[in-house]
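# Commentary on secondary and tertiary structure
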Amino acid sequence: MLQRVERAILALGGIGRVHLNRWGDGAAHLHLWLIARPAGQRQLLGSTLPLWMDVLPPLPDALRADTLRRIAATLATGGGTAHS
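Note that the structure is predicted; figures quoted are calculated from it, not measured. (Residues numbered from 1 in each chain as written. Predicted model: local features only at pLDDT ≥ 70, side-chain atom pairs only at ≥ 80, totals over all residues. Heavy atoms only, no water.)

## Remarks on helix α3 (residues 61–77)
Note the following rule: Helix numbers and strand numbers start at the N terminus; a helix is a DSSP run of H or I with at least 4 residues, a strand a run of E with at least 2. Residue count minus one, scaled by 1.5 Å, sets the expected span of a helix. A simple rule labels every residue: compare its accessible area, found with a 1.4 Å probe on the protein chains alone, to the largest value its type can have, and call it buried under 20%, exposed over 50%, or partly exposed in between. In this description, the arc belongs to the directions extending from the helix axis to the C-beta atoms. The contact definition used throughout considers only heavy atoms, calling two residues in contact when any of these lie within 4.5 Å.
Between its first and last C-alpha atoms α3 spans 25 Å; for 17 residues at 1.5 Å apiece the expected length is 24 Å, and the two agree. Along α3, the residues classified as buried are T67, I71, A72 and L75. All buried residues of α3 fall inside an arc of 130° around its axis, so they share one side. Projecting away from the buried face of α3 at angles above 90 degrees are the exposed residues A62 and T77. The inward-facing, buried residues of α3 abut α1 (2–10).

## Regarding the nonpolar core
Here is the rule we go by: What we call a nonpolar core is a set of buried Ala, Val, Leu, Ile, Met, Phe, Trp, Tyr and Cys residues that are connected through their side-chain atoms within 4.5 Å.
Membership of the largest hydrophobic core is limited to seven residues, which are V5, A8, I9, L12, V18, I71 and L75. Listed by contribution, the elements that provide at least two residues to this core are α1 and α3. Broken down by element, the residue count for this core peaks at three residues, all from α1. In this structure, V18 is in contact with E6, I9, L10, L34, I35 and A36, ignoring residues within four places of it in sequence.

Written out as C-alpha cells, the structure is:
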C-alpha cells in the first residue's frame, strides 16, 4: 500500500522524492507520514522533514483538495474507490 501511495504522489509531477516517516509516542499505535519533497528544492536535502511545513509556503485550499483528489483517483485505478 505504501508503494502505491508513493507512486500516486510521484505521479503528481514536480516531486523530487517521497519520504516515509513513522511517529509513535510509545503507545500501541503509530502514525505514518508520506512527505513529498518538491523537485528542485535541494536546500531541503538532509533537513528535518517535519520542519518543511514551516519553510515551504502553504498550499491554497483548492490546490490541496485537487491534489488529494488526484492521489485518490490514481490509487483507485489500481483497485478501489476514490472518495472525496
